[in-house]
Amino acid sequence: MENTSPTHLIVAAAAGRVGLERLARTAKIGDRCLLVGNHRDAEFLRSEGCLARIERLSCAVPRWYLRVRLRRSNQQSPLFAWDEAAADLAPKAEQVNMLEAAPCTVQTRTAQERSAKRRALGVRDDEQLIGLLCSNPERADVFNAASILSFPLANGKRVRLLVHPAMSRLAHTTRHFTRMEAQRMFVQSDIIERPWECAPLLDAAMLDEDGASTGGRAAAGGRLHPLAIWKSLEPSAPSALPALWTLAHAVPTLVHESIALPDAWSDRVYRFGGDRMHAVRALEAALEKRDCCVAVERA
């Protein structure tokens with residue numbers, strides 16, 4: 001009997017936590033999920049309520065082996081590729097456009113809960129928290145975002161930057177800005193990988209271009225490792241999915257001009273590019289908008 005239940009192919013390092021979360025909410029009972037990743041990625045899929053049968057493929061194997069295994073194991077059921085890396089492994093698969101719809105669920109927090117969560121991260125009530133969004137933390141270059149944030153800091157603004165501990169050049173950036181007496185700039189937590197959790201805690205968010213575009217080899221995110229055969233060796237535009245979550249929470253969001261967004265969201269974001277001062281003005285406008293929204297909420 002022909003199997004008509006779809007098979008979902010996803011590469012965890014390319015899709016990130018946001019892509020895995022979207023897959024977990026989409027896959028149905030009877031579906032099959034081929035996950036190229038590690039045990040932690042499979043556990044995350046299950047924790048997000050994935051109903052599909054999960055089969056994990058190791059990412060530390062040659063690309064040709066993955067392609068052969070996919071051809072042999074999936075000859076009848078429809079195959080969907082959930083990211084560009086998955087589409088490269090299965091060229092005949094139908095590629096899923098994860099940007100077609102906004103996040104389905106938006107969890108709001110009370111002011112007391114929001115304040116408690118922020119204090120747990122070490123953020124005071126009088127500080128503004130900007131989240132540096134990412135699909136793959138290793139590909140996000142924190143130095144450029146910190147450089148933008150240094151301007152409002154120099155003007156006396158109490159701003160903090162929420163970053164993932166695995167972001168590229170984080171140690172170098174921390175040392176650099178410590179010399180500039182900006183020791184309290186960084187807040188490190190892996191919650192930034194899960195924007196549906198951290199969005200209510202943010203005053204603004206930023207999604208920058210691929211780190212290798214700005215940081216070169218130092219920000220290649222493991223793509224030059226000998227075992228990373230299936231990974232891209234060239235800079236690529238990050239997924240816009242994390243920004244959709246913050247936008248759904250009405251968080252003012254800066255998105256680099258190289259990252260494609262659905263037209264429905266284009267009038268809600270602040271675009272920035274290589275002009276750092278333009279990015280600074282966009283960030284200041286976003287924080288001013290957030291201040292106005294907070295004032296209205298408290299009135």
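This text follows the structure it describes.
All of these numbers come straight from a predicted model, not from anything done at the bench.

Asker: What is the right way to look at the packing of helix H1 (residues 12-26) against helix H10 (residues 241-248) in this model?
Answerer: Geometrically, a packed helix pair is captured by the angle between its two axes and the distance between the axes. Running from N to C, H1 and H10 cross one another at 75°; their axes reach a closest spacing of 9 Å. The angle between H1 and H10 places the two elements in the roughly perpendicular class. Side by side, H1 and H10 meet where Val18, Gly19, Glu21, Arg22 and Arg25 of the first sit next to Leu241, Pro242 and Trp245 of the second. Split by residue class, the contact of H1 with H10 holds 4 nonpolar, 1 polar and 3 charged.

Asker: So what exactly am I meant to see when it comes to the pairing of strand S1 (residues 7-11) here?
Answerer: Looking along a regular strand, one sees the side chains alternate between the two faces of the sheet. Along S1, 5 of the 5 residues are buried, which leaves the element largely enclosed by surrounding structure. The two faces of S1 match: Thr7, Leu9 and Val11 on one face and His8 and Ile10 on the other face are all buried. Pairing of S1 with strand S2 (residues 32-36), which is carried by 5 bridges, proceeds in the parallel orientation. Among the inter-strand pairings, threonine 7 is bridged to a residue of S2, identified as arginine 32. For the segment spanning S1, H1 and S2, crossover handedness is right-handed.

Asker: Teacher, can you tell me more about the sheet that holds strand S10 (residues 253-256) here?
Answerer: Working definition: the strands of a sheet are paired by backbone hydrogen bonds and lie parallel or antiparallel to each other. The sheet built from 6 strands is open, its strands ordered S8-S7-S6-S9-S10-S11 with parallel pairing. Each having just a single partner strand, strand S8 (186-188) and strand S11 (269-272) make up the two edges of the open sheet. Neighbour to neighbour, the strand axes of the sheet diverge by 25° on average, direction disregarded. Bridging between strand S9 (residues 204-207) and S10 involves 3 bridges; their strand directions are parallel. Among the inter-strand pairings, leucine 207 is bridged to a residue of S10, identified as valine 255. Across the face of the sheet, helix H6 (residues 142-154) comes into contact with strand S6 (128-132), strand S7 (159-163), S8, S9 and S11 while running at roughly 170° to S7.

Asker: Sorry if this is basic, but what is going on with the packing of aromatic side chains here?
Answerer: Between two aromatic rings, the relevant description is the distance of the centres plus the angle of the planes. Inspection of the entire model under this criterion finds 4 aromatic pairs. Arranged with centres 5.8 Å apart and planes meeting at 50°, the rings of phenylalanine 143 and phenylalanine 177 form a pair that is tilted. Linking phenylalanine 143 in helix H6 with phenylalanine 177 in helix H7 (residues 170-179), this pair joins segments that are 34 residues apart in sequence. Using a relative accessible area of 19% as the deciding quantity, one classes phenylalanine 143 as buried. A network of ring pairs unites the aromatic residues Phe44, Trp196 and Trp245 as a single cluster. Above the face of the phenylalanine 44 ring, arginine 17 is positioned so that its terminal group lies 4.7 Å from the ring centre.

Asker: Hey, could you run me through the side chain of threonine 246 in this one?
Answerer: Take threonine 246: it is sitting in helix H10. Once residues within four sequence positions are removed from consideration, threonine 246 is found in contact with Leu133, Ala199, Leu202, Ala205, Val251 and Thr253.

Asker: Where do I start with the nonpolar core in this structure?
Answerer: Formed by 73 residues in total, the largest nonpolar core has its most connected members in Leu35, Leu45 and Leu161. Excluding its chain neighbours within four sequence positions, the residues that come into contact with leucine 45 are Leu20, Leu23, Ala24, Cys33, Leu35, Cys50 and Ile54.

Asker: Would you take a moment to explain the sheet that holds strand S3 (residues 53-57) for this structure?
Answerer: In space, the 5 strands of this open sheet follow the order S3-S2-S1-S4-S5, with parallel pairing throughout. Of all strands in the sheet, those bounded by a partner on one side alone are S3 and strand S5 (94-95). Its contacts with the sheet put H1 on S1 and S2, and the angle it makes with S1 is roughly 135°. Across the face of the sheet, helix H2 (residues 39-47) comes into contact with S2 and S3 while running at roughly 165° to S3.

Asker: Even after reading the chapter, I still don't get H6, so can you show me in this structure?
Answerer: Spacing of three or four residues puts side chains on the same side of an α-helix, whose turn is 3.6 residues. With 13 residues, H6 should reach 18 Å at 1.5 Å per residue; the first-to-last C-alpha distance of 18 Å fits that figure. Across the 13 residues of H6, 10 count as buried, placing the element largely inside the fold. Buried residues of H6: Val142, Phe143, Asn144, Ala145, Ala146, Ser147, Ile148, Leu149, Ser150 and Pro152, and no others. For H6, the N-terminal cap is aspartate 141; the gap from its side-chain oxygen to the backbone nitrogen of phenylalanine 143 is 3.2 Å. Glycine 156 sits one or two residues past H6 and shows a positive phi near 90°.

Calculation criteria
Residues numbered from 1 in each chain as written. Predicted model: local features only at pLDDT ≥ 70, side-chain atom pairs only at ≥ 80, totals over all residues. Heavy atoms only, no water. Axes fitted to C-alpha atoms, helices over the stretch in contact; angles between N-to-C directions. Helix = DSSP H or I, 4+ residues; strand = E, 2+ residues; numbered from the N terminus. Parallel < 35°, antiparallel > 145°, perpendicular 65-115°, else oblique. Contact = heavy atoms within 4.5 Å. Nonpolar A, V, L, I, M, F, W, Y, C, P; charged D, E, K, R; others polar. Buried < 20%, exposed > 50% of the residue type's maximum accessible area, 1.4 Å probe, protein only. Pairing = 2+ DSSP bridges. Right-handed = clockwise from strand over helix to strand, strands pointing away. Phe/Tyr/Trp six-rings, centres within 6.5 Å; stacked < 30°, edge-to-face > 60°. Lys NZ or Arg CZ within 6 Å of the ring centre and 35° of its normal. Core = buried A, V, L, I, M, F, W, Y, C linked by side-chain atoms within 4.5 Å. Expected span 1.5 Å × (residues − 1). Polar contact = N/O pair within 3.5 Å; in protein donor to acceptor, adjacent residues only side chain to side chain.

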